[in-house]
Amino acid sequence: LGGALGGAQGGAHALIRETASASLDGKEIACLDCTPLSDPGDAAARLCAVGTWTAEVFLLTMPDLRVVTTSPLGGGGGGVIPRAVLLCSFEGTPHLLAGLGDGALHTFGVDPEAGTLRDGKSLSLGTQPITLRTFRSKGATHVFAGSDRPTVIYGNNGKLIYSNVNLREVLHACPFNCDAFPDSLALASESDLTIGGIDDIQKLHIRTVPLGEQPRRIAHQPETRTYAALTENFDVDAAFVRLFDDVTFETLCKFRLEPDEQDSSVISCAFADDPRAYYVVGTGYSLPEEPEPTRGRILVFRAEDGKLQLVAEKEVKGAVYNLNAFNGKLLAGINSKVELFRWVSRG
């Protein structure tokens, strides 16, 4: 269809005839969906979702294909191309899902009367393109997200729940129901076709990542898709700040603290007038002759290209036991005091 979208229906003298069209300002179409938003579904849809090569999603009314709203998918025109969009309802609440080519999933609430989107959120399900398909389980609508980390999405008490599937990779999925395999799914990978069911969809899947060190604190940074973990290695008597990929949990970088320095706190935050995300680590120097640390540091890191870059440090009089973002500033609990710090950019 290129940069145009057309609507068609059957007629008495033609198999297909065009009834409406929309150009979307000439933007190339990557994917579309017009699943009815009612649960379990009406015969005809009132909205159509379209993902474009400019990393945007459009909502159009049906059947006249009038554009009612648009939203960027994390890039404002320069992001990753969406590979799948899906309109569906969880517990009677309409949603729009958009799966990107890098394994990211964007979710929106939908007002079907006004055709507007709200409460946009994003999370990473894997590293490969996502496919989306609805199916029914125990009388409720669920969505199977196929990728290198397949996930089942469903609603529970007004929230979206994401349950990992114990399969390595699924490229496509569809409902499969027959006498031999009732209420099942057909799952396709590059080399296999699997027919199976979801036994316990709310089962918690736990993945253990060996560290070889004692973990003390952890923080997540969605902007860089990383975790920062504070660890201690008793064999070498040293403390570290370790950077992990939040999908593979691979150690990307390791920053060693000074002798006798212990890491006590870590957060991910942004400061006023600086939209970039930073990891802030609080430390204290533990000396045998001191009943309580009298010296510590606040370290500010930026995660870039899989590395931790120390961009600022501040010596303080005591151990930094707690850190919190506060109105664009940094609030720190240092020994028995609470101190407020302001971020000053260096040009």
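Predicted model only: the values in this text are computed from it and were never measured.

Caption draft 1: Geometry of the overall build of the protein chain. In terms of helices and strands, the protein chain carries zero helices and 28 strands. Counting only residues that meet the buried cut, the protein chain has 42% of its 347 residues in that class. In the structure as shown, the protein chain presents an accessible area of about 18,900 Å², 49% of it carried by carbon and sulfur atoms.

Caption draft 2: Examining the pattern of salt bridges more closely. Throughout the structure, instances matching the rule amount to 14 salt bridges. Note that aspartate 102 and arginine 225 form a salt bridge whose closest N and O atoms lie 3.2 Å from each other. Separated by 123 residues along the polypeptide, aspartate 102 in the loop between β8 (93-100) and β9 (104-111) and arginine 225 in the loop between β18 (214-221) and β19 (226-233) bring together distant segments of the chain. Overall, aspartate 102 belongs to the partly exposed group, its relative accessible area being 22%. Arginine 225 gets classed as partly exposed once you look at its relative accessible area, which sits at 28%. Between glutamate 304 and arginine 302 there is a salt bridge, and its shortest N-O distance comes to 3.2 Å. The exposure class assigned to arginine 302 is buried, which follows from its relative accessible area of 13%. Connected via shared salt-bridge partners are Glu258, Glu261, Arg297 and Glu313.

Caption draft 3: Up close: the packing of aromatic side chains. In the structure shown here, the tally under the stated rule is five aromatic pairs. Ring plane angle 75° and centroid distance 4.9 Å describe the contact between phenylalanine 255 and phenylalanine 301, whose orientation is recorded as edge-to-face. Of the two residues, phenylalanine 255 sits in strand β21 (residues 251-256) while phenylalanine 301 sits in strand β24 (residues 296-304), which places them 46 residues apart along the sequence. For phenylalanine 255, a relative accessible area of 21% gives the class partly exposed. Take phenylalanine 301: its relative accessible area is 0%, and that puts it in the buried class. Every member of this aromatic cluster is reached through a ring pair, and the members are Phe271, Tyr278 and Trp343. Taking NZ or CZ as reference, lysine 254 lies 4.5 Å from the ring centre of phenylalanine 240, over its face. The ring of tyrosine 285 has arginine 295 lying over it, and the distance from NZ or CZ to the ring centre is 3.9 Å.

Caption draft 4: Looking closely at the nonpolar core. Of all hydrophobic cores here, the largest spans 17 residues; its most connected members are Phe271, Val280, Ile298, Val300 and Leu330. Of all the secondary structure elements, the ones that give two or more residues to this core are β22 (261-271), β23 (274-285), β24, β25 (307-316), β26 (320-326) and β27 (329-334). Every residue in contact with valine 300, bar those within four places of it in the chain, is listed here: Phe271, Tyr278, Tyr279, Val280, Gln309, Leu310, Val311, Ala312 and Trp343.

Caption draft 5: Here's a closer look at the side chain of threonine 61. With respect to the helices and strands, the residue threonine 61 is situated in strand β5 (residues 56-61). One polar contact links threonine 61 to aspartate 64, side chain to side chain, over a distance of 2.5 Å. If we skip the residues at most four places from it in the chain, threonine 61 touches Arg46, Leu47, Arg66 and Val68.

Caption draft 6: Quick look at a nonpolar patch on the surface. A cluster of nonpolar side chains, contributed by Phe176, Phe181 and Ile195, occupies part of the molecular surface with about 230 Å² of accessible area. Inspection of the secondary structure assignment puts isoleucine 195 in strand β17 (residues 193-196).

Caption draft 7: Focus on the sheet that holds β23. Overall, antiparallel pairing links the four strands, which are arranged β22-β23-β24-β25 in an open sheet. The sheet terminates laterally at β22 and β25, the two strands that pair on one side only. Between one strand axis and the next, the sheet turns by 25° as a mean value, whatever way the strands run. The pairing of β24 with β25 spans nine bridges and is classified as antiparallel. Paired with isoleucine 298 across the bridge in β25 is lysine 314.

Caption draft 8: Structural detail: unusual backbone geometry. The amide bond that connects methionine 62 to the next residue, proline 63, takes the cis arrangement and shows omega of 10°. Its location among the elements puts proline 63 in the loop between β5 and β6 (67-72). Of note, the phi angle at aspartate 119 is positive, near 50°, even though the residue is not glycine. Looking at the secondary structure, you find aspartate 119 in strand β10 (residues 116-124). Notably, aspartate 273 is not glycine yet its phi reads approximately 65°, a positive angle. As for its placement among the helices and strands, aspartate 273 is situated in the loop between β22 and β23.

About the criteria used
- Residues numbered from 1 in each chain as written.
- Predicted model: local features only at pLDDT ≥ 70, side-chain atom pairs only at ≥ 80, totals over all residues.
- Heavy atoms only, no water.
- Helix = DSSP H or I, 4+ residues; strand = E, 2+ residues; numbered from the N terminus.
- Buried < 20%, exposed > 50% of the residue type's maximum accessible area, 1.4 Å probe, protein only.
- Areas by Shrake-Rupley, 256 points an atom, 1.4 Å probe, with all protein chains shown as cover.
- Salt bridge = Lys/Arg side-chain N within 4 Å of Asp/Glu carboxyl O.
- Phe/Tyr/Trp six-rings, centres within 6.5 Å; stacked < 30°, edge-to-face > 60°.
- Lys NZ or Arg CZ within 6 Å of the ring centre and 35° of its normal.
- Core = buried A, V, L, I, M, F, W, Y, C linked by side-chain atoms within 4.5 Å.
- Contact = heavy atoms within 4.5 Å.
- Polar contact = N/O pair within 3.5 Å; in protein donor to acceptor, adjacent residues only side chain to side chain.
- Patch = residues over 30% accessible without salt bridge, like charges linked within 9 Å, V, L, I, M, F, W, Y side chains within 5 Å.
- Pairing = 2+ DSSP bridges.
- Axes fitted to C-alpha atoms, helices over the stretch in contact; angles between N-to-C directions.

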